[in-house]
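# Structure assessment
Each chain, letter by letter, is given below.
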Amino acid sequence: MTIGSVFLFYRSVELMMGWNNQSHDPVEALIISFLANLFVLGAFAFAGFAWPTYQLLPEKYYKIKNPHGLVSFSRKIGIGIYQKFLLNTFWRNKDQRRAYFNGTKSGINHWIMESKKAEFGHLVPFILLFLLSVWSFRLGFWKMAFINLILNVLANFYPILLQRTHRARLIPILKRIKDSANNSA
């Protein structure tokens, strides 16, 4: 995984070094933007599979400050539809889902840790690719900036929001588990 991550970092840098040299017709803009998103996201995803990269951010970052507001916002922008899309495509394998959450009380903590890993794996690429969109815009590559931004929102922003929404929905469950443990003690 580490070697794959290093390779994709190298490919990302190589692609961005040639960013000014693209003709940027719509098809090329789509292909180059897709590759940029794929390489940057893959580099951080592989790093996150190999190393606990999510721990680079303080625990405070992962705390959900307004869970009801987050869940409400997520519903309004269609996170449920996005989640169904993922469950019917990339996450259709039930064994893959069980590795994320096995359905037990103890599995909730594992789910939270996995959601932090996934969130971090999308957060840094989101920031970098957003900056790449801004740079493209400043260079006058409007199509490239727009396509890159749309792909970045779909490939990184929505997954970040989905992971945060998962944790927001777990807050009442964790509270009930904690309260029942305190009542039985």
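## Some remarks on the packing of helix 7 (residues 105-139) against helix 8 (residues 142-184)
- In contact at an axis separation of 8 Å, helix 7 and helix 8 are set at 155° when each is read in the N-to-C sense. Classified by the interaxial angle, the pair formed by helix 7 and helix 8 is roughly antiparallel. Along this stretch, helix 7 crosses helix 8, giving a crossing that reads as left-handed.

## Examining helix 2 (residues 26-50)
- Taking 1.5 Å of rise per residue, 25 residues should cover 36 Å, and helix 2 covers 36 Å from first to last C-alpha, within 8% of that figure.
- With a side-chain oxygen positioned 3.2 Å from the backbone nitrogen of Val27, the residue opening helix 2 is Asp25.

## Overview of the confidence of the model for the protein
- Per-residue confidence for the protein averages 89 on the pLDDT scale, and 98% of its residues sit at or above 70.
- Confidence scores differ between elements of the protein, with helix 6 (residues 94-100) showing the lowest mean pLDDT of 77 and helix 4 (residues 67-76) the highest of 95.

## What to know about the environment of Ala168
- Along the polypeptide, Ala168 turns up in helix 8.
- Residues Ala168 and Ala43, 125 residues apart in the sequence, show an inter-C-alpha distance of 27 Å.
- With residues near it in sequence (within four places) discarded, Ala168 still touches Ile64, Pro67, Leu70 and Val71.

## Side note on the pattern of salt bridges
- Tallied over the entire structure, the rule returns 5 salt bridges.
- Ionic pairing is found between Glu14 and Arg11, a salt bridge with its closest N-O pair at 2.3 Å. Remark: Arg11 and Glu14 occur in helix 1 (residues 2-17); sequence separation between them is 3 residues, near one turn of the helix.
- For Glu14, a relative accessible area of 36% gives the class partly exposed.
- Where Arg164 meets Glu119, a salt bridge forms, and the shortest distance between an N and an O atom there is 2.8 Å. Here Arg164 is found in helix 8, whereas its partner Glu119 is found in helix 7, with 45 residues between them in sequence.

## Remarks on the nonpolar core
- In terms of nonpolar packing, the biggest core is built from 16 residues, with Leu15, Trp19, Ile32, Ala36, Leu129, Leu132 and Met144 touching the most fellow members.
- Core analysis: the next-biggest nonpolar cluster, separate from the first, contains 10 residues, Ile64, Val71, Leu86 and Leu161 among them.

Cut-off values and rules
- Residues numbered from 1 in each chain as written.
- Predicted model: local features only at pLDDT ≥ 70, side-chain atom pairs only at ≥ 80, totals over all residues.
- Heavy atoms only, no water.
- Axes fitted to C-alpha atoms, helices over the stretch in contact; angles between N-to-C directions.
- Helix = DSSP H or I, 4+ residues; strand = E, 2+ residues; numbered from the N terminus.
- Parallel < 35°, antiparallel > 145°, perpendicular 65-115°, else oblique.
- Left-handed = near helix turned anticlockwise from the far one by under 90°.
- Expected span 1.5 Å × (residues − 1).
- Polar contact = N/O pair within 3.5 Å; in protein donor to acceptor, adjacent residues only side chain to side chain.
- pLDDT = per-residue confidence, 0-100.
- Contact = heavy atoms within 4.5 Å.
- Salt bridge = Lys/Arg side-chain N within 4 Å of Asp/Glu carboxyl O.
- Buried < 20%, exposed > 50% of the residue type's maximum accessible area, 1.4 Å probe, protein only.
- Core = buried A, V, L, I, M, F, W, Y, C linked by side-chain atoms within 4.5 Å.

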